[in-house]
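Summary of structural features
Read off the chains here:
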2 protein chains.
Amino acid sequence: MSENQVPVAPDPDATGPSKSELKKRAKALEKEKKAAEKAAKQQEIAQQQAAAEVDFATEFYGNLPLNRSQSRPRLERVQISSLSSRDGETVLLRARVQTSRAQGNKMVFLNLRQRMDSVQALLTVTPEKVSKQMVKWAAGLADESIVLIQGVVRKTPEPIKSASVSDVEVHVARVHLISGVDGRLPFSLEDASRADIEKETTEVQYNRVLLDTRLNNRVVDLRTQTNQAVFKLQAAIGDLFRKYLGSNGFTEIHSPKLQGAATESGASVFKVSYFKGSAFLAQSPQLAKQMAIAADFERVYEIGPVFRAEDSNTHRHLTEFMGLDLEMTIEEHYHEVMELLDGLFLSIFRGLRERYKDEIQLIGKQFPADEFKWREGPEGTLKLTFKEAVDILVEDGVNRELLGDIKYSTDNERRLGRLVKEKYDTDYFIIDKFPMALRPFYTMPDAEDPTISNSYDFFMRGEEILSGAQRIHDPSLLAEKMRSKGVDPDSMKGYIDAFRMGCAPHGGGGIGLERVLMLFLKLNNIRRASLFPRDPKRLEP
Amino acid sequence: MSENQVPVAPDPDATGPSKSELKKRAKALEKEKKAAEKAAKQQEIAQQQAAAEVDFATEFYGNLPLNRSQSRPRLERVQISSLSSRDGETVLLRARVQTSRAQGNKMVFLNLRQRMDSVQALLTVTPEKVSKQMVKWAAGLADESIVLIQGVVRKTPEPIKSASVSDVEVHVARVHLISGVDGRLPFSLEDASRADIEKETTEVQYNRVLLDTRLNNRVVDLRTQTNQAVFKLQAAIGDLFRKYLGSNGFTEIHSPKLQGAATESGASVFKVSYFKGSAFLAQSPQLAKQMAIAADFERVYEIGPVFRAEDSNTHRHLTEFMGLDLEMTIEEHYHEVMELLDGLFLSIFRGLRERYKDEIQLIGKQFPADEFKWREGPEGTLKLTFKEAVDILVEDGVNRELLGDIKYSTDNERRLGRLVKEKYDTDYFIIDKFPMALRPFYTMPDAEDPTISNSYDFFMRGEEILSGAQRIHDPSLLAEKMRSKGVDPDSMKGYIDAFRMGCAPHGGGGIGLERVLMLFLKLNNIRRASLFPRDPKRLEP
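Residue numbers here run from 1 along each chain, matching the order of that chain's written sequence. The naming scheme follows written order: chains are lettered A onward, ligands numbered 1 onward. Side-chain atom pairs in this predicted model are given and counted only at pLDDT of 80 or more, local residue features only at pLDDT of at least 70, and totals for whole chains, interfaces and linings cover all residues. Hydrogen atoms and water are omitted, and side-chain values are computed over all heavy atoms in the structure.

The cut-off we apply is this: UniProt positions are given in the numbering used here, feature names are shortened, and annotations may be inferred rather than shown by experiment.
Going by an unreviewed UniProt entry, chain A carries the name Aspartate--tRNA ligase, cytoplasmic and comes from Collybia nuda. We quote the UniProt Subcellular location (unreviewed entry) comment for chain A here in full: "Cytoplasm". The record in UniProt for chain A states the following under Catalytic activity (unreviewed entry): "tRNA(Asp) + L-aspartate + ATP = L-aspartyl-tRNA(Asp) + AMP + diphosphate".

1. Considerations on the overall build of chain A
Put simply, the test is: Segments assigned H or I by DSSP are reported as helices when at least four residues long, segments assigned E as strands when at least two residues long, and all are numbered from the N terminus. As a reference, a globule follows 2.2 Å times the number of residues to the power 0.38, and the radius of gyration itself is taken over C-alpha atoms. Buried residues are those whose accessible area, probed at 1.4 Å on protein chains only, stays under 20% of the maximum for their type, while exposed residues exceed 50% and partly exposed ones sit between those limits. Using a 1.4 Å probe, the Shrake-Rupley method yields the accessible areas, and only the shown protein chains count as cover for residues. By the counting scheme adopted, Arg and Lys are positive, Glu and Asp are negative, and His together with the chain ends is not counted. Working definition for charges: the position is that of NZ of Lys, CZ of Arg, CG of Asp or CD of Glu.
A count of helical and extended segments in chain A gives 15 helices and 17 strands. Against the compact-globule benchmark of 24 Å for 541 residues, chain A has a radius of gyration of 33 Å, which places it well outside the compact range. The dimensions of chain A, computed from C-alpha atoms along their principal axes, are 115 × 65 × 55 Å. For chain A, the residues scored as buried account for 54% of the 541 residues in total. Just so you have it, chain A exposes about 24,900 Å², and 49% of that area is on carbon and sulfur atoms. Here chain A contributes 77 positively and 79 negatively charged side chains, and the mean placements of these two sets differ by 8 Å.

2. A few points about the packing of aromatic side chains
Residue and element names in this part refer to chain A. Applied cut-off: Centres within 6.5 Å make a pair out of two Phe, Tyr or Trp rings, where for Trp the six-membered ring is used; the pair is then stacked when the planes are under 30 degrees apart, edge-to-face when over 60, and tilted otherwise. Two conditions define a charge located above a ring, namely a distance within 6 Å from the ring centre to NZ of Lys or CZ of Arg, and an angle within 35 degrees of the ring normal.
Enumeration over the complete set of coordinates arrives at 46 aromatic pairs over all chains. When the centroid spacing of 4.8 Å and the interplanar angle of 55° are considered together, the rings of Phe349 and Phe372 count as tilted. Taken as a pair, Phe349 in helix 9 (residues 335–355) and Phe372 in the loop between helix 10 (357–366) and strand 13 (382–385) lie far apart in primary sequence, 23 residues in all. The burial state of Phe349 is the same as that of Phe372; both residues are buried. Ring centres of Phe441 and Tyr495 lie 6.5 Å apart, and the angle between their planes is 75°; this geometry places the pair in the edge-to-face category. Highlighted residues: Phe441 in the loop between strand 14 (428–432) and strand 15 (455–460) and Tyr495 in helix 14 (residues 493–500), separated in sequence by 54 residues. Summarising the burial analysis for this pair, Phe441 and Tyr495 share the class buried. Within the aromatic cluster, the residues linked to one another by ring pairs are Tyr334, Phe345, Phe349, Phe372, Trp374, Tyr428, Tyr456, Phe458 and Phe520. The ring of Phe434 is capped by Arg439, whose NZ or CZ atom sits 4.5 Å from the centre of that ring.

3. Observations regarding the interface of chain B and chain A
How large an interface is tends to be reported as the accessible area lost when its parts come together. Note the threshold: Any two residues whose heavy atoms approach within 4.5 Å are treated as being in contact. The term buried area denotes the loss of accessible surface (1.4 Å probe radius) that occurs when two parts are joined, taken as the sum for both partners. Salt bridge, as used here: a side-chain nitrogen of Lys or Arg that lies within 4 Å of a carboxyl oxygen of Asp or Glu. Distance and chemistry together define a polar contact, namely a pair of N or O atoms within 3.5 Å, with one atom able to donate a hydrogen and the other to accept it when in protein, and with adjacent residues in sequence counting only for side-chain atoms on both sides. Each residue is assigned to one class: nonpolar for Ala, Val, Leu, Ile, Met, Phe, Trp, Tyr, Cys and Pro, charged for Asp, Glu, Lys and Arg, and polar for all the others, Gly among them.
On the chain A side, the residues contacting the 108 residues of chain B number 108 residues. For the pair chain B and chain A, the summed buried surface comes to about 9,300 Å²; carbon and sulfur atoms form 56% of the total. Across the contact surface, chain B and chain A share 16 salt bridges. Here chain B and chain A share 68 residue pairs in polar contact (both at pLDDT 80 or more) between them. Broken down by element, the side of chain B that touches chain A gets its largest block of residues, five residues, from helix 7 (residues 225–246) of chain B. Across the side of chain B that touches chain A, the residue classes break down as 52 nonpolar, 24 polar and 32 charged.

4. Topic: helix 10 (residues 357–366) of chain B
Residues and elements named next belong to chain B. Here is the rule we go by: Directions drawn from the helix axis to the C-beta atoms are what define this arc.
Among the residues making up helix 10, those that are buried are Glu359, Ile363 and Gln366. In an axial view of helix 10, the angular spread of the buried residues amounts to 45°, which keeps them on one side of the axis. When the buried face of helix 10 is taken as reference, the exposed residues oriented beyond 90 degrees from it are Lys357, Asp358, Gln361 and Lys365.

5. Description of the relation of the copies chain B and chain A
Heads up, the rule is: Here the copies are matched by least squares. The fit uses the C-alpha atoms of residues with pLDDT of at least 70 in both.
Under the fitted operation, chain B is carried onto chain A by 0.3 Å of movement along the axis and a turn of 179°, and the coordinates agree to an RMSD of 0.9 Å. Seen this way, the second copy is the image of the first under a two-fold rotation axis. Relative to the rotation axis, the C-alpha of Val272 of chain B is the closest in chain B, positioned 1.9 Å from it. Mapped onto chain A, 100% of the interface residues of chain B are again interface residues, and the two copies thus contact each other with one and the same surface.

6. Digging into the packing of helix 13 (residues 475–484) of chain B against helix 14 (residues 493–500) of chain B
All names here are of chain B. Note the threshold: What counts as an axis is a line fitted to C-alpha atoms, over the stretch in contact for a helix, and the angles between N-to-C directions run from 0 to 180 degrees. Roughly parallel refers to an angle under 35 degrees, roughly antiparallel to one over 145, roughly perpendicular to one between 65 and 115, and oblique to any angle outside these ranges.
Contact pair helix 13 / helix 14: the axes reach a minimum separation of 9 Å and the direction vectors enclose 150°. Between helix 13 and helix 14, the interaxial angle falls into the category roughly antiparallel. Across the interface between the two elements, Pro475, Leu478, Ala479 and Met482 of helix 13 pack against Tyr495, Ile496, Phe499 and Arg500 of helix 14. Per-class residue counts for the contact of helix 13 with helix 14 are seven nonpolar, no polar and one charged.

7. Digging into the sheet that holds strand 16 (residues 463–470) of chain B
Residue and element names in this part refer to chain B. The line we're drawing: A pair of strands is treated as paired once DSSP finds two or more bridges between them.
Read across the sheet, eight strands follow the order 7-11-12-17-16-15-14-13 without closing on themselves; strand pairing throughout is mixed. Strand pairing shows two members of the sheet lacking a second neighbour, strand 7 (251–252) and strand 13 (382–385), which therefore form its edges. In the sheet, strand 13 pairs with strand 14 (residues 428–432) via four bridges, with the strands oriented parallel. Its bridge partner lying in strand 14, Thr385 is registered against Asp432.

8. Observations regarding the sheet that holds strand 15 of chain A
Residue and element names in this part refer to chain A. Taken in spatial order, the eight strands line up as 7-11-12-17-16-15-14-13 in an open sheet, and their pairing is mixed. Two strands close off the open sheet at either side, each with one partner strand: strand 7 (251–252) and strand 13. Inspection of the sheet shows strand 12 (residues 320–329) paired to strand 17 (residues 506–512) by seven bridges, in the antiparallel sense. What sits directly across from Asp325, in strand 17, is Gly510. Of the strands in this sheet, strand 11 (299–307), strand 12 and strand 17 touch helix 8 (residues 286–294), which is tilted by about 25° from strand 12.

9. Concerning the confidence of the model for chain A
Residue and element names in this part refer to chain A. Note the cut-off: The predictor's confidence in any single residue is recorded as pLDDT, a number from 0 to 100.
For chain A, per-residue confidence averages 90 on the pLDDT scale, and residues scoring 70 or more make up 91% of the total. Note on residues 1–15: pLDDT under 50 across the span, and six contacts to partners over four residues away in sequence or across chains. Among the prediction metrics, the complex's ipTM stands at 0.88, with pTM recorded as 0.89.

10. A word on helix 15 (residues 513–521) of chain A
For helix 15 of chain A, the tally of buried residues reaches nine of nine residues, placing the bulk of the element in the interior. Once helix 15 of chain A ends, the next one or two residues include Lys522 of chain A, with phi positive near 55°.

11. Examining the pairing of strand 9 (residues 271–274) of chain B
Of the two faces of strand 9 of chain B, only one is covered, namely that formed by Val272 and Tyr274 of chain B; the face formed by Lys271 and Ser273 of chain B stays uncovered. The hairpin turn running from strand 9 of chain B into strand 10 (residues 277–281) of chain B, its antiparallel successor, is two residues long, and Phe275 of chain B in that turn takes a positive phi close to 50°.

12. Remarks on the pattern of salt bridges
What the rule picks out here adds up to 80 salt bridges over all chains. Its salt-bridge partner being Arg86 of chain A, residue Glu89 of chain A comes within 3.0 Å of it at the nearest N-O pair. Note that Asp396 of chain A and Arg415 of chain A form a salt bridge whose closest N and O atoms lie 2.9 Å from each other. Here the residue Asp396 of chain A occupies a position in the loop between helix 11 (386–395) and helix 12 (410–424), and Arg415 of chain A occupies one in helix 12, the gap between them amounting to 19 residues. Several salt bridges converge on common partners, so that one network encompasses Arg96, Arg113, Glu144 and Arg223 of chain A together with Asp296 of chain B.

13. Regarding the environment of Ser164 of chain A
All names here are of chain A. As for its placement among the helices and strands, Ser164 is situated in the loop between strand 5 (146–155) and strand 6 (168–179). Note on Ser164: relative accessible area 42%, which makes it partly exposed. Sequence spacing of Ser164 and Met116 is 48 residues, and the spatial spacing of their C-alpha atoms is 7.9 Å. Engagement of the side chain of Ser164 in a polar contact is seen with the backbone nitrogen of Ser118, the distance being 2.8 Å.

14. With respect to the domain arrangement of chain A
Selection criterion: Where each domain begins and ends follows an automated or database-derived domain assignment.
One can read the domain layout of chain A as domain 1 (61–179), domain 2 (189–221) and domain 3 (225–529). Using C-alpha coordinates to define each centre, domain 1 of chain A is positioned 26 Å away from domain 2 of chain A.

15. Observations concerning the environment of Phe434 of chain A
All names here are of chain A. Along the chain, Phe434 turns up in the loop between strand 14 and strand 15. A relative accessible area of 0% means that Phe434 is categorised as buried. Distance in space between the C-alpha atoms of Phe434 and Val390 is 11 Å, their sequence separation being 44 residues.

16. What about unusual backbone geometry?
Residues and elements named next belong to chain A. Here the amide bond leading from Glu540 into Pro541 is cis, since omega sits at -15°, within 30 degrees of zero. Of note, Pro541 is situated in the segment after helix 15. Here Glu144, not a glycine, exhibits a phi torsion of approximately 75°, which is positive. Residue position: Glu144 is located in the loop between helix 2 (132–139) and strand 5.

Right under this line is the structure:
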C-alpha cells in the first residue's frame, strides 16, 4: 500500500483537534501502518516457508524453461493413440490441455489432446506423490496449454465418453508446462467442434462460432479434431491423385506461375510488378502442360496453386486454390482421356472410403452429410451428353431458351444434380460434348458438328469439379479459334509455336482440390477446405 | 496462268503492224495459250493416272486428317522400349522422326524416337508392298514430324549404334503423318544432345546450341533424351521426398502464395495488384508452415513455388523455384530435425542411384560429372560446426577477418566443398551452428551463447541446398528478435499471435528442388533443372 492511499488529510467540516495534534496522529498512524505491513510480510514469508516445507512435489510440476535445445535426455515420448495397449506402463507424452476441471481441491481432470486423439488424465492428492499445490497448479492450467506429462496408464472401469481413447486414463505423476497461452482464446475448441445442427436442436444455449471468426483465428480453428481430419483427407486426395497417375505412366511437372503475358482471359488475371516491367499470375498450368506434351512428355500432371482475379464472393470461389491438372497424348479418341479421368476419380473415392473411414465419420459429426455415392460395377459412371442433361432439366420445367450453360448457373447445376441423384442414385457423373461457344479457344471442335466440342465436365453433388477437353494441336486451327474468340494469336506466340514443331493429339483436365474435398465431405463452404483461404476480401492470416 | 501475264501489249519503239493485225495476233496467241494449257492439263492427268496405276501403295502412306476424335478403332499401339521382345511381331506405334535418310531411291532409314527411347525403321521398295513413291514420301519427312508406323519387328545382325533399342529394327509397311513441322527447327536434336566437351575436343565443326537459344525454344530443347531423363529425375526427387516424409508421419499442406504483407524481408518480394489493394508473393512457406505447427499439425511438408524478387543473374538463382519445405515439432533438441533431414537426403540419394541408373548414365553423356559421393555406414554424414568450417578455410589461407558468412560467398563455399571432398571424400555435408547475426529473426539462439544459433545448412558439391533451424516459439522472444532485425512486430501480428495461443518447440528447413537436381547431376546452370525457368530477364516461354 502506498502512502497516497492512507487517509491523513484533515476533515474541514469537523470541529477538530489542533495542527500539532493532527501531526501526532498522522505519525502514529504511519507507525501503525508500518507495523502492520511488517507483520503481513512476516506472515507471508512464514506461509511461503510453510508451503515450501509442505510441498514435497515442487519438482513434479511447474513451468519448463523455454526449449532452446539445452539438453537431449533421449527419453521416449508416446502418442495418445497408442495408450490403449499400454495398461500399467509409465509413459511420457506431450499434449494440449483441452480442458482442466478441478473436483474439490484434491483432484483435477485434464482432457489431453494430440491432433485427432484425446485421453483423460487425472491428478489426485497422494502423500509423497501428488501435493495439494500440484493439483491446484494443474487445475489452473489454461485451456490449450501444451504440457509434458508423465504418468501411469490405467484401464477405466467405464468408457470415458469425452475422450477418443476411452478405455484407459493417465494417472499423472509429473506435469510441466512446455508452452502457455498468453491472452484469451478467441473461442473454445469445444464450441468450435460442435455441429450447427446440434446448436439448432438442443435447448442449451451454445456459443456459435461464425466462419469469419474461425478464419480470423484459423490457427486455433484448425486444431479441432474435425479440421485435423479434414486436412488429413486433403493430403490423401493429393496422394491418391499422384498414385493413380504415377501407375499410369504420368510424370509430375512444375510449371512457372509467373507469366510474361496475360493469357487465356485477360479479365481475371493478377498483375505482378516484375523488376522494371510486369508479369501475370498463371490462371492455370494449361499452356505449360500443353507445351510439355509438345515437348514429348506424353503424360504429365501438376499439383500447384492457381490464381483467379475474379471478384466472386460465393461459397465455392477462391482467388487462390490448388489445381490438380493433367494432360496426356491421345492415340485415337479423346474418350481415352475422359475414361482415365473417370478411373482417377473412382480410385480417389474408393481410397478415401476404404482408408479414411474414421476421419470421414469424425467429420460427419460436425458436418452431417449423406454418404457420397457413386456407381460401381459394369454399368459404370453415368455419362450424359450436354444435350441429354439439358433435356433432363427441361423435362423438369426449366425453360430451354434460358439454358445457355448449365455450368454457369449454380441453380440449374444443383437442380440437375438433384434430378440425377433421384433418377440414377449417384452423386458423381460426367457431362460430355459441351457447345463450342461455351468453351475456351483451345478446345477441339467435334469432328462432324463444329458447334459442339470434344469437352466434358465432371460433377460431384451437383457442382462442377473438373473441366477438360481434347485440345487443338494444329497451329492454324488454333490461331483461327483464337481470333474467333477475340484473342490475338501474336500475344501467345510461344504457345502457338510449340505446335508448329509437331505435336501429338492430346487432352486433359483440371480439378479443384478444395472443391473435391468440400463436396465429398459436404463442408458447404470452400473456405473450410483450404488451410488459409484467400478470397477477394481475405489475405490474412 | 492469268491473262495479265501474257505479253500482248505492242512495243511502241518498233515500226510495227496495224491495230487490226495486232488484234489478230493477240487472238492467235490467246488460242495458242489455251491449247497449250489444255495439253498441259491432259498431260498432268495422264501422269496422275499413270502414277496412280503404278503406285499401288497410296493407302499405305500419306497425311492423316487432323485428329478430332472422328473414330476409335481401338488398335493397340506399342512403346519402342518394348520392341526388343517383339521379334517377328507386326506392331503399330506413334513416334517422332528424329532423322530420315534416303539411300538411293529405293530405301530410306528413319530414326524413330519416343522420349528416351529410339529405334531404327526402314522402308525398302518391294513389289505390292512398298512403292517408290512411298519411299520418296518417307524420305521427305521433316525431322521432328510425328508419324504412325505399322511394321514388322526384326532382329538386326549387328547392333544399331544410333538407336537406344539396338537389337531390332522395324520394317515399315505403313507410315502416316500425324503432325508435321511448320517452319524450320531452331536447332537439330542431335546438335542439342551433344556434350560441350565433345564439341571442344573433336575436329569436326559442330553447331553449338547456346543455353539462351535452347531456352527460347524450350519445347524443342526439352525433347532431347538428356532432358527427358533430367525431368524424370526431377519428378523422382519430389517423389522420394514425399515417400520419406510420408513414412515419417508428415502431412502434406498447401499454403497460400498470396500474402497480405511483405513478410520476412521486404526487399525481395514481388508486389501484386489485388482488386483495389495490394498483395505480395510468398518468399517461402515459412510463416504458414510454422502456423500449421501452432495449429497442431505436428509434422508438415509442402512442395510449392517460391518467389524471390532478387535481381541476381547467376548460375544458381531463379526468381521462381520449387521449394521442398518441411517443419516438425521438436521433443527435446533441434538435432532431431537435422537428423531427420539428413535421413531424407540419404534416402533421396540412394533412391536416385538405385532406381535411376540408366537416366543418370544417359545424362552423364551430355553433362560429364564425377559420380555424386556421400558417406554411408556407421560414421555417417560429415557434420561440421560453422567454426570448424571457418577453420578449414583459414587453414587453407583464407583471411579469417573476411569470413563473415561462408554461405554468401560462392567462392568460399565452393573452396570449402573442394577441401572437404579432398579431406573426407564426400560431396555432401552439413554445417551446424551458424552465427545468429547471419540468420533470420525467427531462428532460435543457442542455449548458452546468444551470438550463435540453432541453425544449419546442407551442402552438395560445395553449394548450399538446404537452410534450416530451430524456430522461436515464444512470442515475446520472437517480437524482441524482430525488433533487433528491424522488423515491426505489428506488421506480422497474425504470425506472432499464432504462438500466443501455445506452440510446441519446432524446427524445419527448405530445400531448393532445382538446386538438388542441378548439383546431383552437375548440370552447371539451374535453368537446365527448371522446365520453363524464370529469372530477372526471362518470363517466356
